[in-house]
Amino acid sequence: MEPWPYRTIIEPFRIKAVEPIPFLHPNERRAALSRAGHNLFKLKAQEVTIDLLTDSGTGSMSASQWAALMEGDESYAGSTSWQELEAVVHRITGFPHVLPVHQGRAAERIMSRTVIPPGAVVLNNTHFDTTRANVEQAGGVAVDLPVAEALRPEVVAPFKGDMDLAALDQALEEHGDKVALVMLTLTNNAAGGQPVSMANIEAVSARCKQAGVPFFLDAARFAENAWFIHVREPGYDTWSVADIARRMFDLSDGCTMSAKKDGIVNIGGLLCTRLDGWAEKFRNELILGEGFTSYGGLAGRDLSAMAVGLTEALDPDYLRYRQRSIAYFAKGLQQVGVPVVQPAGGHAVFIDAGALAPHIPPAQLPGQAVACALYLEGGIRSVEIGSLMFPGSRLELVRLAVPRRVYTQSHVDYVIEIAESLAKRAPSLRGYRIVKEPPFLRHFSAELAPL
Ligand SMILES: Cc1ncc(COP(=O)(O)O)c(C=O)c1O
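Since the model is a prediction, treat every value here as computed from it, not as a measurement. Counting starts from 1 at the beginning of each chain's written sequence and moves along it residue by residue. The model is predicted, so local features are restricted to residues of pLDDT at least 70 and side-chain atom pairs to those at 80 or more, both for listing and for counting; the totals for chains, interfaces and linings are taken over all residues. Side-chain figures throughout are based on the complete set of non-hydrogen atoms in the structure, without hydrogens or water.

**Quick word on the site of the ligand**
Then, in step 1: Around the ligand sit 14 residues in total, of which Q103, R105, D218, S258 and K261 are the nearest.
Then, in step 2: Counting of polar contacts relies on pairs of N or O atoms within 3.5 Å, with two restrictions inside protein: one atom must be capable of donating a hydrogen and the other of accepting it, and residues adjacent in sequence are counted only when both atoms are side-chain atoms. Take Q103: an N or O atom from its side chain is 2.8 Å from an oxygen atom of the ligand.
Then, in step 3: Its free accessible area being 390 Å², the ligand has 96% of it covered by the protein chains.
Then, in step 4: Counting residues per element, the shell around the ligand draws most heavily on helix α4 (residues 104-115), which supplies three residues.
Then, in step 5: When residue character is reported, Ala, Val, Leu, Ile, Met, Phe, Trp, Tyr, Cys and Pro are called nonpolar, Asp, Glu, Lys and Arg charged, and the others, Gly included, polar. Partitioned by chemical class, the residues of the shell around the ligand number one nonpolar, seven polar and six charged. Here a residue counts as near a molecule or strand whenever at least one of its heavy atoms sits within 4 Å of it. Here, Shrake-Rupley sampling with a 1.4 Å probe gives the accessible areas, and only protein chains in the shown set may cover a residue. Put simply, DSSP marks the helices as runs of H or I at least four residues long and the strands as runs of E at least two long, and each gets a number from the N terminus on.

**A few points about the domain arrangement of the protein**
Then, in step 1: Segmentation of the protein into domains returns domain 1 (26-55 + 317-450) and domain 2 (63-312).
Then, in step 2: In this document the domain limits rely on a domain assignment from an automatic tool or a database. Placing the centre of domain 1 and that of domain 2 at their C-alpha centroids yields a distance of 26 Å.
Then, in step 3: Two residues form a contact once any of their heavy atoms are found within 4.5 Å. Taken together, the contact between domain 1 and domain 2 spans 27 residues of the former and 32 residues of the latter.
Then, in step 4: Looking only at domain 1, the three residues that lose the most surface to domain 2 are L319, P343 and R404, adding up to 21% of its buried area.
Then, in step 5: We note a salt bridge from R221 to D55, for which the minimum N-O separation is 2.9 Å.
Then, in step 6: On inspection of domain 1 and its partner domain 2, the count reaches 16 residue pairs in polar contact (both at pLDDT 80 or more).
Then, in step 7: At the level of elements, α12 (316-335) and β9 (348-352) are the ones that each hand at least two residues to the side of domain 1 that touches domain 2.
Then, in step 8: The biggest single contributor to the side of domain 1 that touches domain 2 is α12, with five residues. The term buried area refers to how much accessible surface (probe radius 1.4 Å) is lost by two components on association, counted for both of them together. What makes a salt bridge here is a side-chain nitrogen of Lys or Arg within 4 Å of a carboxyl oxygen of Asp or Glu, nothing more.

**Some thoughts on the sheet that holds strand β11 (residues 383-385)**
Then, in step 1: Taken in spatial order, the three strands make up an open sheet running β9-β12-β11, and their pairing is antiparallel. For this open sheet the edge positions go to β9 and β11, each flanked by a neighbour on one side alone. Averaged over all neighbouring strand pairs, the angle between strand axes comes to 35°, with direction disregarded.
Then, in step 2: Should DSSP find at least two bridges between two strands, the strands are taken to pair. Bridge analysis of β9 against strand β12 (residues 397-401) gives five bridges, and the strand direction is antiparallel. Bridging across to β12, A348 finds its partner in A401.
Then, in step 3: Packing against the sheet, α12 makes contact with β9 and β12, and its axis sits at approximately 20° to β9.
Then, in step 4: Sheet strands in contact with helix α14 (residues 366-378) are β9, β11 and β12, and its direction is about 40° off that of β12. A fitted line through C-alpha atoms represents every axis, and for helices the fit uses only the stretch in contact; the resulting angles, taken between N-to-C directions, go from 0 to 180 degrees.

**Overview of empty space enclosed by the protein**
Then, in step 1: Grid points spaced at 1 Å over the protein atoms alone were grouped into cavities, where a 1.4 Å probe fits but cannot get out, and pockets, open sets with protein on both sides within 12 Å along at least five of seven lines, with lining residues defined by an atom within 4 Å of a point. Grid points are joined across faces, edges and corners, and a volume is the space filled by probe spheres set on the points. Here the structure, examined in full by the defined rule, presents four cavities of 30 Å³ or more.
Then, in step 2: Volume-wise, the largest cavity comes out at about 130 Å³.
Then, in step 3: Elements with a contribution of two residues or more to the lining of the largest cavity: α12 and α15 (409-424).
Then, in step 4: The residue makeup of the lining of the largest cavity, split by class, is 10 nonpolar, three polar and two charged.
Then, in step 5: Considering only enclosed or pocket space, the second largest cavity measures out at about 60 Å³ in volume.
Then, in step 6: Lining the second largest cavity are N39, L40, F41, L53, Q368, S382, V383, E384, L388 and H443.

**Thoughts on the pattern of salt bridges**
Then, in step 1: Under the counting rule described, the total for this entry stands at 21 salt bridges.
Then, in step 2: D144 serves as the salt-bridge partner of R132, at 3.0 Å between the closest nitrogen and oxygen. Of this pair, R132 sits in helix α5 (residues 129-137) while D144 sits in strand β4 (residues 141-144), placing them 12 residues apart in sequence.
Then, in step 3: A relative accessible area of 21% means that R132 is categorised as partly exposed. Residue burial is assigned from relative accessible area. The probe radius is 1.4 Å, only protein chains are included, and a residue is buried under 20% of its type maximum, exposed over 50%, and partly exposed in between.

Structure (structure tokens):
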């Protein structure tokens, strides 16, 4: 693969269809935020200028994907769309059992309800919030084992998504037979979208084999993780991204996958495994909640679009552009005085709100204060990943997730400009208090009030 010799980050696509974005008056934004209970999840899309809430299901599909939609086969069982998808997933992952689901958390729910008995322990580099919620809902105990540098936003290290191997050894020893599953989340979303090295995947895999514990990947961002291994891990620069991805999957017993990320589809997911016994349980549970095993809660056309998207996500020109454009975003924010998690992650830039607004204590939700201010200032929607999302969190972050193939460099420059003006008045930001909250995943629907 030829390295790109130019300074300019050129989008590896041209634009075929455009969608206008709304521009609101500051008073309209103030009214919208107040109506939304100061929870950015409750804003209407037409109230948002640049939507960086999530990179999940918000990507632009390619012309090939739109064409594949038209070819979608809506047969209830054994559709050609399903055959195409199954073949692509077999090729990319090598897993013999492939189950379609409507999105990542459906895979997590099926897995949790079938193979995580009450009291069982699940070890993960860092559980994503829906993974944790599903494990806990099944009565399991979700334990995070991130490396120490994952909790230090200022530390630049190539693989801050790794699992702490000493902590894994200790947990396997301490919990013994109670450990039902070990997972690695690639990339580690809750720890800043940081990648996991192949060396770490190998080490975790070996320990799981020795302990006789199944090892799964949360492969939502498998292609981005493989790209980071390609560019950062010694010895992998001569490997293709597809071969790296395949090796990651080969080291595991299965995966959950939200295809709304590296599948570059608006809806879809997968649950795959090489464990015959677990596959049987998964299939039965899938039929109960998602539908037949050849469509899993999706239309045939969705399966076709996913088959194309999973292949496109492994294109090195696309992955290079994606990584470089996110690094550009992080560097731009830093240059205007906004502290960000180092180094830039694979799908998002994380503002270190704890460092930007150190005068706001965690109990007053500094991340939410920064996220609301970004909206009020420039109509930018982000998400707090700190004490609101994870009570007791050690980090107070604001995630600016970058949808795939949606925004151009000028959109990013606008966000940097808005963040610059916010950074200048950061000392005047005030915290928030929670007025109303649901029993779990409170950040989605909590109501807040400014202090
Ligand atoms: C790492 C990770 N796992 C699982 C999920 C859940 O996937 P979904 O939103 O498709 O249910 C997400 C979603 O953001 C994620 O980032």
